[in-house]
Structures are given as structure tokens and as C-alpha cells.
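Structure at a glance
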Amino acid sequence: MFHALVVGFLMVSSMLAQGLANVPAPRPSTEEEKLVVEEMSKVRLHPKDYAKWLRTQLRYYDGTLWKLPGKVPVQTQEGSAAMTELISFLDRSPSVGPLRWREGLARAAQDFVREQGPTGQTGHVGPSGSNLQGRILRHGVHLSRMGEVINYGVESPLWTVMQLLIDDGVPSRGHRKVIFDADFHVAGAATGPHAEYGSMTVVDLADAFQDNP
């Protein structure tokens, strides 16, 4: 079963970045990781187009079992209800503008994948006690707001974003709110192994961000 988590928006003041012990040098971001942010950007720009496409996917629900072609069936909590709600949300949502890639935010996401993935833990506080603000401030400076969404499970960029937007089993639909927050303009993503769910994808977002030199 796929799991996704969200951290709420943080209004922050300037502070020293929290360091992560023994964090290796960042690697170049992959095309797959950039596609995650690209898909988020597309759905923000063209929500009604995605709503139309998602209607064609409703037929793959069998009660609470989701049987997408070519994929292992997924046991959901809400069945088609969550996707139906998402379709309605997208139909009435205005375009909120694109997300621009920021390598510094991708590096912050990489830090968390490397830290949390081997432990099999979930959530936004790392095994070392790291938090979103500390991870982001290690790699640059944001303006005032930031957010983070995490999807657990092996998935394509498209369905990573769809899982977060469907938000099955999350009453607040917090991931959806973060992705469609018009105040967020930049993002970076990282994907890597996760001991419990096979893979995890972290997306860090901000209103503005200046990478460290």
C-alpha cells in the first residue's frame, strides 16, 4: 500500500541551518526526479485537463482495491471516493502557476532520503532529529514559507504526484493543499530506496529560494 505524508506550511524567521552528521556530497538530480516537479507544475497549470484524464481511471477501482493495468493491485482506504473528490477539486481549481526547479531544494530532499530511507521510518523528522527547516537552510535561503510532501512506494513521476493529490486516507488532504498553494513557486525533489516501502520520493517547496554558491 502506498503511503504519503505532508508537513504543514511554516512561517519562519532567519536562523542557522541545522547540520546533518556525515551527510555525503549531493549528487546530480536525475531526470526522473525533475519529472516529479514537472508533473506538479503541469497539474497546477492545467487542473481541468488532469480532471478529465482521471475520470478515465475511475473504472480501475474494485471496491477499495485499485487495479491499475500493469501494476500490483493496491488496497486503498477510501476506494474511488478520494479520486472522485480530487476530480471535483481539479474541475473547480484555477491555474496557480508553475513550479520552477531549484537544485538546493532537491539537495535538501536528497539529504532526507539518505537519512530516513535506510531506517524504514516515515514522517518529516529524521532519525538524527533533522527537520525540514534545518535541511533546507543547509542548501540556501528561502523567503518565508516552505513545505514538504513525501510519497512512500515505488511509483512513476506521474503516479507519485497523483498519489499525493488523491491523498487516500488523509482527511485533511494536506498534500493536495501544499501542491496547489499559490504561494509556492519553486521546488526540488529526490527519490531513493526505503527499507519498508521500497522507495520514497521527497518534494520540498518554497515561496522563493536562493541556492548556496
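The notes below deal with the structure included here. What you are looking at is a predicted structure, and each value in this text was computed from that prediction instead of being measured.

In this structure, Gln163 sits in helix 6 (residues 157-166). Put simply, Gln163 and Arg176 are 13 residues apart on the chain and 9.6 Å apart in space, counted from C-alpha to C-alpha.

This model, assessed by the stated rule, comprises 5 aromatic pairs. For the ring pair Trp53 and Trp159, a centre distance of 5.3 Å and an interplane angle of 50 degrees mean the geometry is tilted. In this pair, Trp53 is assigned in helix 2 (residues 47-55) and Trp159 in helix 6, connecting sequence segments 106 residues apart. Relative accessible area serves as the criterion here: at 28%, Trp53 is assigned to the partly exposed category. Look at Trp159 and you get buried, because its relative accessible area is 8%. For the pair Phe89 and Phe180, a centre-to-centre distance of 5.2 Å together with 90 degrees between the ring planes defines the contact as edge-to-face. Of this pair, Phe89 sits in helix 3 (residues 80-92) while Phe180 sits in the loop between helix 7 (174-179) and strand 8 (186-194); the two residues are 91 residues apart in sequence, bridging distant segments of the chain. A relative accessible area of 10% places Phe180 in the buried class. Here the aromatic residues Trp53, Tyr61, Trp66 and Trp159 are joined through ring pairs into a cluster of three or more. The positively charged end of Arg135 is found above the aromatic ring belonging to Phe112, 3.7 Å away from the centroid. For Arg145, the ring lying beneath its charged end belongs to Phe184, and the centroid distance is 5.8 Å.

How each quantity is defined
- Residues numbered from 1 in each chain as written.
- Predicted model: local features only at pLDDT ≥ 70, side-chain atom pairs only at ≥ 80, totals over all residues.
- Heavy atoms only, no water.
- Helix = DSSP H or I, 4+ residues; strand = E, 2+ residues; numbered from the N terminus.
- Phe/Tyr/Trp six-rings, centres within 6.5 Å; stacked < 30°, edge-to-face > 60°.
- Buried < 20%, exposed > 50% of the residue type's maximum accessible area, 1.4 Å probe, protein only.
- Lys NZ or Arg CZ within 6 Å of the ring centre and 35° of its normal.

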